[in-house]
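Chain by chain, the residues run as shown.
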Amino acid sequence: MEERAGVLDDLAELEVFRTLLEPTGIKGIVVDCPDCDEEHHVDWALMQANLRQLLEEGQTGRHEPPFDPDPDDYVSWDYASGYADGIAAMAEREEPGGEGRAGRHARDD
């Protein structure tokens with residue numbers, strides 16, 4: 001149940017990341033693959049599908065990576081999380097009475 005909750009959290013975070021980053025030209029997430037020791041560039045829809053498959057089947061299948069991806073079009077999960085935290089902190093400061101509040105991580109919700 002704990003792992004399932006973690007995957008559900010990841011799905012929710014991914015949607016936030018996509019909402020914030022896709023309009024800036026970011027196409028998805030870059031993931032370090034321990035099996036082949038390479039980075040995989042995974043677009044938003046495929047990452048969502050992978051997480052949903054993990055929820056339903058307990059594992060993800062193999063997927064074709066994008067053809068000749070531009071690494072500048074993808075960010076790490078940590079980068080996306082930090083970006084979302086920065087946007088949230090800015091929004092909190094702009095709220096009336098929001099000055100001086102500490103930022104929150106998306107997982108704190």
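For the structure, check the block above.
Residues numbered from 1 in each chain as written. Predicted model: local features only at pLDDT ≥ 70, side-chain atom pairs only at ≥ 80, totals over all residues. Heavy atoms only, no water.

Caption draft 1: Inspection of the pairing of strand 1 (residues 28-33) at higher detail. In the sheet, strand 1 pairs with strand 2 (residues 38-43) via six bridges, with the strands oriented antiparallel. Within the sheet, the bridge partner assigned to G28 lies in strand 2 and is D43. In this structure, the hairpin formed by strand 1 and strand 2 is closed by a connection of four residues, where D37 is found at a positive phi of approximately 60°. One ladder, built from two bridges, connects strand 1 with strand 3 (residues 74-75); its direction is parallel. Paired with I29 across the bridge in strand 3 is V75. (Pairing = 2+ DSSP bridges. Helix = DSSP H or I, 4+ residues; strand = E, 2+ residues; numbered from the N terminus.)

Caption draft 2: View of the environment of L20. Counting through the fold element by element, L20 comes out in helix 1 (residues 2-21). The exposure class of L20 is partly exposed, given its relative accessible area of 26%. Remark: the alpha-carbon pair of L20 and Y83, spanning 63 residues in sequence, is separated by 8.4 Å. The contacts of L20, once residues within four sequence positions are left out, are Y83, A84 and I87. (Buried < 20%, exposed > 50% of the residue type's maximum accessible area, 1.4 Å probe, protein only. Contact = heavy atoms within 4.5 Å.)

Caption draft 3: Structural context of the packing of helix 1 against helix 2 (residues 44-57). Helix 2 packs onto helix 1 with a crossing angle of 170° between their chain directions and a minimal axis gap of 10 Å. Judged by the inter-axis angle, helix 1 sits roughly antiparallel to helix 2. Here R4, V7, L8, D10, L11, L14, E15, F17, R18 and L21 of helix 1 lie close against helix 2, whose contacting residues are W44, A45, M47, Q48, L51, R52, L54 and L55. Grouping the amino acids of the contact of helix 1 with helix 2 by side-chain chemistry returns twelve nonpolar, one polar and five charged. (Axes fitted to C-alpha atoms, helices over the stretch in contact; angles between N-to-C directions. Parallel < 35°, antiparallel > 145°, perpendicular 65-115°, else oblique. Nonpolar A, V, L, I, M, F, W, Y, C, P; charged D, E, K, R; others polar.)

Caption draft 4: Region of the structure containing the packing of aromatic side chains. In total, this model carries two aromatic pairs according to the counting rule given. Arranged with centres 5.0 Å apart and planes meeting at 75°, the rings of F17 and W77 form a pair that is edge-to-face. In this pair, F17 is assigned in helix 1 and W77 in helix 3 (residues 77-94), connecting sequence segments 60 residues apart. Aromatic side chains Y79 and Y83 sit 6.3 Å apart centroid to centroid with 25° between the ring planes, which places their arrangement in the stacked category. Taken together, the residues Y79 and Y83, both in helix 3 and four residues apart, mark about one turn of the helix. For Y79, a relative accessible area of 46% translates into the label partly exposed. (Phe/Tyr/Trp six-rings, centres within 6.5 Å; stacked < 30°, edge-to-face > 60°.)

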